[in-house]
Amino acid sequence: MRAQIRWELEDPYNLIVFMFGFIMLGITFFSGLTSNDTVFMIVGPDSVIVSESAKNIGLTLPRLGVEEYTIFALTGALLVSLMLRYDRDTGVAKSVYSLPVRNHSVVLSKALSAMVLLFLASILPAFLAFFYIYGDAPNLVKKALLEEGFLAGYILYWVMMVLYVVSLSALVAMLFPNTFASLLGCITLLYVPLVLKLRSLPPAIIDDTFFKAYATQFYPADRIAAFLDGSFYVGLLLPVVMLGIALILSEWRDVL
Amino acid sequence: MRLLKAVLLSVVIMTLLVFPIEKNVLTQPISEVILVEQGIIVPSSGIAMLSSSADDGTGYTVRVFDPESGRTLLERNVTGSFRGRVMLEHSGPYYFSVRTMTPVTIAVRVINRYPSVAVLNIRYGLGAMSAFLLAVILLMEGRRK
């Protein structure tokens, strides 16, 4: 399994998709950050102003709006479809899946490497864009990330998003007949909640609970608890179930 | 190894693309109106022009506070109308307030916006370091063959 993951992470096709996602997301995050100037209300002594400012600079950390989510979902769908379906289309899969490993372990290692790539392609440009703009206010940024508890919640936010996109795409890729169909299916299914404005499905629900938890709670532990409380079922449980179904399907379905 | 090269190359390309994007955005000034107390997150450094007009004899206090360094940039007791400017030396939040008995509004315009030296150092440093690392890796690989 480790060899399989290493092989997938070194695959040039996957890395081209990774670079596409990285650069496009980075540019979108950056232009979103430069063009907005947030206004917030504060009343109180200077120490309150400092901590409120740190909170508000934390809330400007780049998150997935409509534009960013489109690129993010496209990158995830491309990665997973390429990994799970392309080798089956070209027939390479016959030699991979005939190795003495169970099918589900091959699919799981592919899904895991897709998660690693998508996670890196989103969180690295997010921090890069953030530091390229607010890097000259190091005290406030440090205060926001560590004392206000933004770092943990923000990483959790990306973990949930990545988990959702990759496991939904993996399920679709297992169900659909070839790369092209699976790519179209993934993009459609990932985009439906955005078009229909369903606030109870990702990305909206994860984004909303993150914002609400960090804007209304005061202590880092409370914030993370509130964030998890609001997004546990759709952000963690649903993706794990979908990934499980995809793994079971991979055992049932023949390689081609 | 290929993953590392992909990350480095993406960092270099993104760093190069950041400058033209920012140049477009920075030509537009930021305009806000301050009623009582307000924080504004400015995404670049610049010069904030403050202006307010009130009847003669109306007294109020204008204050600009920088939460990053904990310094008060401007604090002035004014009667009548007021015009002033403050250098915003870094990006990030600033706090503006008007203390008064009768309602006075202040207009803030951030003009002459530019990225500060600290931010440029981060960009040049990170971009150049990744480019250099990438070059070293490619050279080493080329030599081995």
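Reading guide: rules and limits
Residues numbered from 1 in each chain as written. Chains lettered and ligands numbered in written order. Predicted model: local features only at pLDDT ≥ 70, side-chain atom pairs only at ≥ 80, totals over all residues. Heavy atoms only, no water. Helix = DSSP H or I, 4+ residues; strand = E, 2+ residues; numbered from the N terminus. Rg over C-alpha atoms; globule rule 2.2 N^0.38 Å. Buried < 20%, exposed > 50% of the residue type's maximum accessible area, 1.4 Å probe, protein only. Contact = heavy atoms within 4.5 Å. Areas by Shrake-Rupley, 256 points an atom, 1.4 Å probe, with all protein chains shown as cover. Lys, Arg positive; Asp, Glu negative; His and termini not counted. Charge placed at Lys NZ, Arg CZ, Asp CG, Glu CD. Pairing = 2+ DSSP bridges. Axes fitted to C-alpha atoms, helices over the stretch in contact; angles between N-to-C directions. UniProt positions renumbered as here; feature names shortened; annotations may be inferred. Expected span 1.5 Å × (residues − 1).

## Side note on the overall build of chain A
Counting its regular elements, chain A contains eleven helices and one strand. Starting at the N terminus and ending at the C terminus, chain A contains elements arranged as α-α-β-α-α-α-α-α-α-α-α-α. Taken against the 2.2 N^0.38 rule, which gives 18 Å for 256 residues, the C-alpha radius of gyration of chain A at 20 Å falls within 12% of a compact globule. For chain A, the spread of C-alpha atoms along the three principal axes comes to 70 × 35 × 30 Å. Burial status across chain A gives 54% buried among its 256 residues. Restricting to contacts in chain A with at least 6 residues of sequence separation, those with at least 24 account for 83%. For chain A, the accessible surface area stands at approximately 10800 Å², while carbon and sulfur atoms represent 71% of it. One finds the centroid of the 16 positive side-chain charges in chain A at a distance of 7 Å from the centroid of its 19 negative side-chain charges.

## Some details on the overall build of chain B
For chain B, the count of helices and strands is two helices and eight strands. The order of α-helices and β-strands along chain B, N terminus first, is α-β-β-β-β-β-β-β-β-α. A compact globule built from 145 residues should have a C-alpha radius of gyration of about 15 Å, whereas chain B, at 22 Å, is more than 25% larger. Here the C-alpha coordinates of chain B stretch approximately 85 × 30 × 20 Å along the principal axes. Put simply, chain B has 145 residues, and 48% of those count as buried. Within chain B, contacts between residues separated by at least 24 positions form 76% of all contacts whose residues are at least 6 apart in sequence. Carbon and sulfur atoms provide 60% of the accessible area of chain B, an area that totals close to 7700 Å². Within chain B, one finds 15 positive and 10 negative side-chain charges whose respective centroids are separated by 16 Å.

## Section: the environment of F20 of chain A
Residue and element names in this part refer to chain A. Positionally, F20 belongs in helix 2 (residues 12–35). The exposure class of F20 is partly exposed, given its relative accessible area of 32%. Setting aside residues no more than four positions away along its own chain, F20 makes contact with L74 and T75.

## Quick notes on the sheet that holds strand 3 (residues 45–52) of chain B
All names here are of chain B. The strand order 1-8-3-6 describes an open sheet built from four strands, whose pairing is antiparallel. Both edges of this open sheet fall to strand 1 (30–34) and strand 6 (82–88), since each of them pairs with a single strand only. Between one strand axis and the next, the sheet turns through 20° on average, direction left out of account. Where strand 3 lies against strand 8 (residues 106–114), six bridges are found, and the strand directions are antiparallel. Looking across to strand 8, one finds that M49 is bridged to R109.

## Regarding the UniProt feature "transmembrane region" (unreviewed entry) in chain A
Residues and elements named next belong to chain A. The feature "transmembrane region" (unreviewed entry), as given by UniProt, occupies residues 12–33, 69–86, 107–134, 154–173, 180–196 and 230–249 in the numbering adopted here. End-to-end, the C-alpha atoms of residues 69–86 are 24 Å apart, and along that stretch the chain is 100% helix and 0% strand. Across residues 230–249, the secondary structure splits into 100% helix and 0% strand, with the terminal C-alpha atoms separated by 30 Å.

## Some details on the UniProt feature "transmembrane region" (unreviewed entry) in chain B
UniProt annotation of "transmembrane region" (unreviewed entry) refers to residues 122–140 of chain B when read in the numbering used here. Helix makes up 100% of residues 122–140 of chain B and strand 0%. Its end C-alpha atoms lie 27 Å apart.

## Regarding helix 8 (residues 150–175) of chain A
Under the 1.5 Å per step criterion, the end-to-end length of helix 8 of chain A is 38 Å for 26 residues, consistent within 8% with the ideal 38 Å. Here helix 8 of chain A lies mainly inside the structure; 20 of its 26 residues are buried.

## Some remarks on the pairing of strand 3 of chain B
Residues and elements named next belong to chain B. With six of eight residues buried, strand 3 is to be regarded as a mostly interior element. In the sheet, strand 3 pairs with strand 6 via seven bridges, with the strands oriented antiparallel. Residue pairing in the sheet places L50 in a bridge with G84 of strand 6.

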